[in-house]
Amino acid sequence: MNSRATRAFATQIVLGSLVALGAGGGLGFAIVDLRHDISVSANTARVLDQRIAETERRVAEIGGLVAAGQSPEVLEQRNQALALGLVPPAEARVVRVGVSVTDRLAANRKAEIFAAETGQTLVPVRFNLGGAPR
Amino acid sequence: MTARGFAHNLRLHLIAGAVVVSFAVVALRLVELHVLDREHYLSQIQDARHRVVADPARRGDILDARGDLLATTRTDLTLAIDPWALPEKVEAQKFATRKAAYETEQRAARAALADLLGVPAADLEAAYAPAWKTVPVAEDTEDDAADGRVRVRYVKFIEGVTEETFARILALRLPGKKDPVRIAGLTHERRFRRVYPHRDLAAHVLGYVNKEDVPSGGVEAYADRYLKGLSGWREIERDGKRTELAQFRQREVPAADGWNVVLSIDCAIQHIVEQEMGALVAKFNPAKATIIVSDARTGFLLALANHPTFDLNEFGTAPLEKQRNIAAADLVEPGSTFKIVTLAGALNEGLVTPATKFDCTLDSLVYNGKPRRFMRDDHRYDHPLTLAEVISHSSNIGTAQVGMLLGERRLYDYARAFGYGERSGYPLGREEPGLLADPARWSGIDITRIPAGYSIAATPLQIHYGMGVIASGGQLLRPQVIRQVLDASGEVVYSFRPAVRRTVIAPATAETMARMLQKVASPDGTAKAAAIPGFEIAGKTGTAQKLINGRYSERNHVGSFVGFFPASRPRVVVSVIVDDGHPPGGGTGYGAVVAVPSFRKVAEQLIQYLDIKPVAAPGSALAAIVPEGGRR
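All values derive from a computational prediction rather than experimental measurement.

(A) Structural view of the overall build of chain A. Secondary structure summary: chain A contains four helices and zero strands in total. Here chain A holds 134 residues, and 4% of them are scored as buried.

(B) Structural view of the overall build of chain B. What chain B contains, in helices and strands, is 21 helices and 25 strands. Against the compact-globule benchmark of 26 Å for 632 residues, chain B has a radius of gyration of 37 Å, which places it well outside the compact range. The principal-axis extents of the C-alpha atoms in chain B amount to approximately 155 × 55 × 50 Å. For chain B, the share of sequence-separated contacts (at least 6 apart) that also reach a separation of at least 24 residues comes to 71%.

(C) Main features of unusual backbone geometry. All names here are of chain B. Between H307 and the following residue, P308, the backbone shows a cis peptide bond with an omega angle of 5°. Inspection of the secondary structure assignment puts P308 in the loop between β14 (301-307) and α11 (320-323). Geometrically, the link from F565 to P566 is a cis peptide bond, its omega value of -20° lying close to zero. Positive phi is not limited to glycine here, since D213 has a value of about 60°. With respect to the helices and strands, the residue D213 is situated in the loop between β8 (208-209) and β9 (215-216).

(D) The arrangement of the pairing of strand β23 (residues 538-548) of chain B in detail. Residue and element names in this part refer to chain B. The pairing of β23 with strand β24 (residues 551-565) spans ten bridges and is classified as antiparallel. Paired with L547 across the two strands is Y552, which belongs to β24. Counting the residues in the hairpin turn of β23 and β24 gives two residues, including N549, whose phi is positive at 55°.

(E) Inspection of the sheet that holds strand β1 (residues 50-55) of chain B at higher detail. All names here are of chain B. If you trace the three strands from one edge of the open sheet to the other, you get β1-β10-β11, paired in antiparallel fashion. In this open sheet, the two edge strands, each paired with only one partner strand, are β1 and β11 (252-253). Relative to strand β10 (residues 232-237), β1 runs antiparallel, the two being bridged by six bridges. When the sheet's bridge partners are listed, V53 is paired in β10 with R234.

The rules we used
Residues numbered from 1 in each chain as written. Chains lettered and ligands numbered in written order. Predicted model: local features only at pLDDT ≥ 70, side-chain atom pairs only at ≥ 80, totals over all residues. Helix = DSSP H or I, 4+ residues; strand = E, 2+ residues; numbered from the N terminus. Buried ≥ 20, exposed ≤ 12 C-beta atoms within 10 Å, placed from the backbone. Rg over C-alpha atoms; globule rule 2.2 N^0.38 Å. Contact = placed C-beta atoms within 7 Å. Pairing = 2+ DSSP bridges.

This is how it looks when you write it as structure tokens:
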């Protein structure tokens, strides 16, 4: 066998292998980099998904707490605890007006304005808040 | 001497040979991994990394007519402990000093955790005690010993931990440490849980979802197909730390959350009714009671309250007796509230007018050739009663005579047409059809009893919707609770419309009945306390003796008042039915005593809340502020 030809063949194998290694390595690095980017993007999306789910969970929890806090029963208890004196409207406490409301309000206002001239004395209204003793 | 250098023949051959051999080895290894041992390694990967994760759908909310939450879903967590994780992690520390420091840190963390959860630290320490359990030897694959003993790796510690508490656990820091501490062996499992913010409000309407996510009764069961949604799933891979590798998500079916259901029940009206129920129970201590409020024009329920009731969040501790919706599932004799059927039937057939008079001093009357003895009236009358007086005084004798005029078959047909003896179509849960025998099976005295509401049985809902026939102008309406179904974005998926079951009587008959029923709530009627000036309260009291051990009791009664207002253009129908109420001082639980006051209190508040305008007599000043409209 020709030694020159043998050397040339061996050199080609070595060089070919080196080129193949280099190309394969480069391709490998590119793929790894690509997959890394995909992984980072996917994990970012997953984390965002988790945060959205977590936010939705908190919203649902707070929504439930708000609903419970606005329950008529709870509001009534707070009304009592804070002595706000709020009472549900009842027909017995309502004065129904048979005439025009505008005329009635105007008449009341006029009565207040001209009270001094006509010599009438207005009695100031006293509010008894929360059923507190007078 | 010739320089041999790099390209020396032997060296070249060696290098080339080494390269070829290296590639060959790699290739062989690849063949071994990917071809020969493929199944083995794939199954390992599948077991270790591959998972199918369920993505449960969130159950939709139940909202009241104003959009307030009646039932919602939130997540909570179950904390569990792997008792062996701690000794394994301690063992993994290389140095004795580190082991001691790690143990000290973990002990402090556990103490802080117990403090945060509000549980005794000793309980937590007990859960961390390593333990073994016995399994069949064939299942003992934990180690090579195959002795039938495996480590207990899961000890459930606490359920119902809120998201807020869990966030604080994750952020738990020990003094002097910058980063949150990771508590060894602590695992968590998140799951959806149904909560009812208003607790026992409308309990029998809503129903509940149990811990196995199975709906039980009420809207929860009936509207389950809308509420439950569709769970999803996804195939994932995890790394060695059990963190999902999101890039390897393979197939994914996202969950579709359940739709929201809007009810006709109004939270405020329900509260008014339940508050009154509480007052009624405190005063009369009844065995059972029901208050029902519905829209007179559509039949939609605005409120339904029962006694006894229960807290929906504590359904596990409520006996089944309390969970039964007695408005639909219990039968009572309607008593005098049934008289509207007899009188409306006779009026509708043209057999009588409001002015037709009846001798209510009779003890018996011949019917079909035989004398029939009447039930006695509570009062003696010195003059014949008109039909209007028969109803306002609730005369059993007068009503029985009207029943005789109508005849057994027509009375039966009208009773059926008013909804007695058949299910009303109430959609939520079990409903009794009631008891109304065919006339062929009536006894001789039934024609004197049934017209007055005895010898039959009905549910409170049937009694309520029977009165609804008068209020609606002659139509029997179907009880409905669900108004709309909304998707997650709030778009209306389905709207429920009022449903008329049948036309029972002519509108003119209904109007005549309404006017006569107004007299019941007048100073001459049996329910004078029900009157609210200006609001035309129409209704009928009922007092039925309870049948106990086959005999009518003199001490146990079902007292009721079923009414609507304003009579000339009805807005709401309200029923108060009190089973075995005991008035303070030992009186009889007449409808006028136990039910009428509650009716009035509920009606007064409904007037304000629903902004129902007073109806003035023609020509009065109030007519100026009464809006036009209404049915009649």
